Amino acid sequence: MSFQIPRGTVDLMPGEVEKWQYIEEKARELCRRYNFSEIRTPLFEQTELFQRGVGETTDIVSKEMYTFMDRGGRSLTLRPEGTAGVVRSFVEKKIYGEPQPTKWYYIGQMYRYERPQAGRQRQFHQFGIEAFGAVDPVLDAELVDLGWQFIRSVGVSGVKVALNSVGCSRCRPRYREKLVEYLTPYKEELCKDCHTRLEQNPMRVLDCKKEGCQRVTEDAPRMVNFLCEECAPHFETVKESLDLLGVEWYLDTRLVRGLDYYTQTAFEYILEGQGGHAGSLGGGGRYNGLVQEVGGPEMPGVGFALGLERVLLALESRGVDLPLASGVDCFIVSLGDAAKKRSVLLLKELRQMGSTAERDYLDRKMKGQLKAADRASARYVAIVGENELEKNQVVVKEMATGEQNTIQLDKLATYIREACGKGQS
Ligand code: AMP
């Protein structure tokens, strides 16, 4: 019997995984600077949390969830996104009772039963941010900027932020009425999904990617023209702050988050010159009603989620080489039993001093060991033979230049550390 990896998943192999570590570290570093703390919630939650927290009418909940019964008869679901679990934790631990704001981030796997294709997997990764407890529109802009900085700092250029406001529970009903009034006469021209949307969630007709639907909605009323006296100035300040921060953004009045608890700011990071779903690296917005939806008090929130596979694909398509550290600092070649024994200690010293160090584990001859050093991309090779051992010496060779030096055995670790520019560990 031969086993295969589940459809829509990938193994992140050595060679590839270093890129992941690099971009994850960039995200963590940025979060530290913006004073966001990491939260790690379970990979699965009660199914109902996502039904409430993501919304029954969304594609995610209606078509894409990995739901199963556990042995205790509970319905559980592999998380299709990160916000619901984070909000659940915020409410369950009563963090809302503490001084606000609460600023959290997460990085991890998400699961959606989708048709796999480039940039779309069944297990994928998101880096997300959530900030609770503040209505300040400048915070929205700072979050947008954080995501934008992240994308740029890993080396993806040509990304712009699409921005919209979806109003709130006060101004949206009037807009929704107008929109339905406008769309109803064109119902037959809309796709089947949009027939349902028209009834359940009319604003989502606006972001349907089908040509016919786009044609119909071209001249449809837009939410930005219906914003109330709270949402309109909020949106103005978000835009001004984005300009102040130097974020490249544009108004996209089709951008909607169709659920009642999404409010005001909505945004998406769009890759220029890339059509279709791969063009969106991620998005976010305000959700002033979500904490309440998940059983907490009235408490504002704002956040985003970025797809890390998409970020890496963007890097690849732009031919960006990440500055990854590769290879070992020192490979020890030893000849004879006594030298081998001594090399084990030398390795330990090297590693304790903060250098990366390796040796041969297959009792290869000199030539084979040198080849192994080459495969390990060693910067230096240290050769310990019987003769050197007797004199307490080691020959150190810099691979790039071929330059050779003989030094005292007990100086090797310091020598390599200094030669490779590593500080005191
Ligand atoms: P969403 O939670 O649907 O707003 O998605 C946010 C981001 O997550 C998207 O813009 C993508 O970058 C990423 N994403 C969503 N679904 C997938 C998937 N099936 N495979 C890979 N990335 C995804």
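Predicted model only: the values in this text are computed from it and were never measured. (Residues numbered from 1 in each chain as written. Predicted model: local features only at pLDDT ≥ 70, side-chain atom pairs only at ≥ 80, totals over all residues. Heavy atoms only, no water.)

**Quick look at the pairing of strand β14 (residues 380-384)**
In terms of burial, β14 is largely enclosed, as five of its five residues are buried. Looking at chain direction, strand β12 (residues 330-334) and β14 are connected through five bridges and run parallel. Its bridge partner lying in β14, Ile332 is registered against Ala382. Here β14 pairs with strand β15 (residues 393-398) via four bridges, running antiparallel. Across the sheet, Ala382 pairs through a bridge with Val396, a residue of β15. (Buried < 20%, exposed > 50% of the residue type's maximum accessible area, 1.4 Å probe, protein only. Helix = DSSP H or I, 4+ residues; strand = E, 2+ residues; numbered from the N terminus. Pairing = 2+ DSSP bridges.)

**Examining the packing of helix α12 (residues 337-352) against helix α15 (residues 412-419)**
What describes two packed helices is the angle between their axes and the distance between those same axes. Contact pair α12 / α15: the axes reach a minimum separation of 9 Å and the direction vectors enclose 40°. Regarding the angle of α12 to α15, the classification is oblique. When the axes of α12 and α15 are compared, the crossing they make is right-handed. For the pair α12 and α15, contact is made by Leu346, Glu349 and Leu350 and by Leu412, Ala413 and Ile416, respectively. (Axes fitted to C-alpha atoms, helices over the stretch in contact; angles between N-to-C directions. Parallel < 35°, antiparallel > 145°, perpendicular 65-115°, else oblique. Left-handed = near helix turned anticlockwise from the far one by under 90°. Contact = heavy atoms within 4.5 Å.)

**Structural notes on the site of the ligand**
If you check the shell around the ligand, you find 13 residues, and the closest are Arg112, Glu114, Gln121, Gln126 and Leu281. Here an oxygen atom of the ligand and a side-chain polar atom of Ser280 are 3.2 Å apart. For the ligand, an oxygen atom lies 3.2 Å from a polar atom in the backbone of Gly282. Against a free-state accessible area of 480 Å², the protein chains account for coverage of 84% of the ligand. At the level of elements, β6 (123-132), β10 (280-286) and β11 (301-307) are the ones that each hand at least two residues to the shell around the ligand. If you tally residues by element for the shell around the ligand, the top one is β10, at three residues. Classifying every residue of the shell around the ligand by side-chain character gives three nonpolar, six polar and four charged. (Near = heavy atom within 4 Å. Polar contact = N/O pair within 3.5 Å; in protein donor to acceptor, adjacent residues only side chain to side chain. Areas by Shrake-Rupley, 256 points an atom, 1.4 Å probe, with all protein chains shown as cover. Nonpolar A, V, L, I, M, F, W, Y, C, P; charged D, E, K, R; others polar.)

**Thoughts on the domain arrangement of the protein**
Domain boundaries in the protein define domain 1 (16-170 + 228-318) and domain 2 (328-418). Taken over C-alpha atoms, the centre of domain 1 sits 49 Å from the centre of domain 2. (Domains from an automatic or database assignment.)

**Some thoughts on the sheet that holds strand β13 (residues 357-359)**
Two strands in a sheet stick together by hydrogen bonds in their backbones, pointing the same way (parallel) or opposite ways (antiparallel). A sheet is described by the order of its strands in space; here five strands give the open sequence β13-β12-β14-β15-β16, paired in mixed fashion. Across the chains shown, the open sheet's two edge strands, defined by having one partner strand only, are β13 and β16 (404-408). Put simply, the sheet's adjacent strands are angled 25° from each other on average, direction ignored. Sitting on the sheet, helix α13 (residues 366-375) is in contact with β12 and β14, with an inclination near 170° to β12.

**Overview of the layout of surface pockets**
A volume near 400 Å³ is recorded for the second largest pocket. Forming the walls of the second largest pocket are 15 residues, and the residues nearest its centre are Cys168, Glu230, Thr263, Asn288 and Glu298. Of the residues in the lining of the second largest pocket, the class split is four nonpolar, seven polar and four charged. (1 Å grid on protein atoms, 1.4 Å probe; cavity = no way out; pocket = protein on both sides within 12 Å on 5 of 7 lines; lining within 4 Å. Points joined across faces, edges and corners; volume = space filled by probe spheres on them.)

**Some details on the nonpolar core**
Ile23, Phe127, Ile129, Phe150, Val156 and Tyr269 are the most contacted members of the largest nonpolar core, which totals 69 residues. Setting aside chain neighbours within four positions, we find Val156 in contact with Ile151, Leu271, Val311, Ala314, Leu315 and Arg318. (Core = buried A, V, L, I, M, F, W, Y, C linked by side-chain atoms within 4.5 Å.)

**Remarks on the packing of helix α1 (residues 17-33) against helix α5 (residues 137-153)**
In contact at an axis separation of 10 Å, α1 and α5 are set at 145° when each is read in the N-to-C sense. Between α1 and α5 lies a crossing of right-handed hand. Together, Tyr22, Ile23, Lys26, Ala27 and Leu30 of α1 and Leu146, Gln149, Phe150 and Ser153 of α5 make up the contact between the two elements. Looking at the contact of α1 with α5 residue by residue, the class counts come to six nonpolar, two polar and one charged.

**Regarding the sheet that holds strand β7 (residues 159-165)**
Spatially, β1-β5-β6-β11-β10-β9-β7-β8 is the arrangement adopted by the eight strands of the open sheet, whose pairing is mixed. Bordering the open sheet on either side are β1 (37-38) and β8 (249-251), each of which pairs with just one other strand. Each of β1, β5 (102-111) and β6 is contacted by α1, which is oriented at about 160° to β5, the strand it contacts most. This element, α5, spans β6, β7, β9 (263-271), β10 and β11 of the sheet and lies at about 15° to β11.

**Looking at α1**
Helical geometry: 3.6 residues make up each α-helical turn, so side chains three or four residues apart lie on a common side. In this model α1 runs 24 Å from its N-terminal to its C-terminal C-alpha over 17 residues, within 8% of the 24 Å that 1.5 Å per residue would give. The set of residues buried in α1 consists of Trp20, Tyr22, Ile23, Ala27, Arg28, Leu30 and Cys31. Buried residues along α1 sit in contact with β1, β5, β6, α5 and α11 (308-317). (Expected span 1.5 Å × (residues − 1).)

**Regarding unusual backbone geometry**
Of the consecutive residues Gln100 and Pro101, the connecting peptide bond is found in the cis state with omega at 5°. Mapped onto the elements, Pro101 comes out in the loop between α4 (83-92) and β5. The backbone of Asn392 sits at a positive phi, close to 60°, despite the residue not being glycine. Considering the arrangement of structural elements, one finds Asn392 in the loop between α14 (386-390) and β15. Residue Asn392 is classed as partly exposed on the basis of its relative accessible area, which comes to 42%.

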